[in-house]
Amino acid sequence: MKKGMTKVSVLYPNGEDKTFDMDYYCNTHIPMVKELLGESMKGATVEKGLGGATPGSTAPYAGMGNMYFDSRRLWKSLRT
């Protein structure tokens, strides 16, 4: 991430009744979002929740997606 860029994060809650398909998210969802947003999206990262604040506890989030934008182009792509 460079100075002046915008980072947008999406957090996916974890829990017994929640599912998060990391393979789908990385290999299908992120490329689809990139295609929709085009060159305004400069990059993306995906993180998997490994554990909570205390040892042995469950991670509060199953996954987190981060998208990086050139701030000037972000607003232009959202308006169209």
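Residues numbered from 1 in each chain as written. Predicted model: local features only at pLDDT ≥ 70, side-chain atom pairs only at ≥ 80, totals over all residues. Heavy atoms only, no water.

Quick notes on the environment of Y68
Tracing the backbone through its elements, the reader meets Y68 in strand β3 (residues 61–70). For Y68, a relative accessible area of 16% translates into the label buried. Separated by 24 residues in sequence, Y68 and A44 place their C-alpha atoms 6.0 Å apart. With near-sequence residues (within four places) excluded, Y68 lies in contact with M1, M5, T6, K7, S40, M41, K42, G43, A44 and T45. (Helix = DSSP H or I, 4+ residues; strand = E, 2+ residues; numbered from the N terminus. Buried < 20%, exposed > 50% of the residue type's maximum accessible area, 1.4 Å probe, protein only. Contact = heavy atoms within 4.5 Å.)

Digging into a nonpolar patch on the surface
Taken together, Y24, M32 and L36 make up a surface patch of nonpolar side chains, about 330 Å² in accessible area. Inspection of the secondary structure assignment puts L36 in helix α1 (residues 22–37). (Patch = residues over 30% accessible without salt bridge, like charges linked within 9 Å, V, L, I, M, F, W, Y side chains within 5 Å. Areas by Shrake-Rupley, 256 points an atom, 1.4 Å probe, with all protein chains shown as cover. Salt bridge = Lys/Arg side-chain N within 4 Å of Asp/Glu carboxyl O.)

Here we look at the environment of D23
Within the secondary structure, D23 is located in helix α1. At a separation of 2.6 Å, a polar atom in the side chain of D23 contacts the side chain of N27. (Polar contact = N/O pair within 3.5 Å; in protein donor to acceptor, adjacent residues only side chain to side chain.)

Overview of the side chain of N66
Mapped onto the elements, N66 comes out in strand β3. N66 gets classed as buried once you look at its relative accessible area, which sits at 0%. When near neighbours in sequence (up to four residues on either side) are disregarded, N66 contacts K7, V8, S9, G43, A44, T45 and E47.

With respect to the pairing of β3
Burial runs high along β3: 8 of the 10 residues are buried. Two elements, strand β1 (residues 5–13) and β3, share 9 bridges in a ladder whose sense is antiparallel. Its bridge partner being in β3, S9 is matched across the sheet by N66. (Pairing = 2+ DSSP bridges.)

A few points about the sheet that holds strand β2 (residues 41–48)
The strand order across the open sheet formed by 3 strands is β1-β3-β2, and the pairing between neighbours is antiparallel. One side of each edge strand has no neighbouring strand; the edge strands of this open sheet are β1 and β2. Pairs of neighbouring strands in the sheet enclose a mean axial angle of 15°, with direction left out of account. Note: β2 against β3, 7 bridges, orientation antiparallel. From the neighbouring strand, M41 faces β3, where its bridge partner is F69. (Axes fitted to C-alpha atoms, helices over the stretch in contact; angles between N-to-C directions.)

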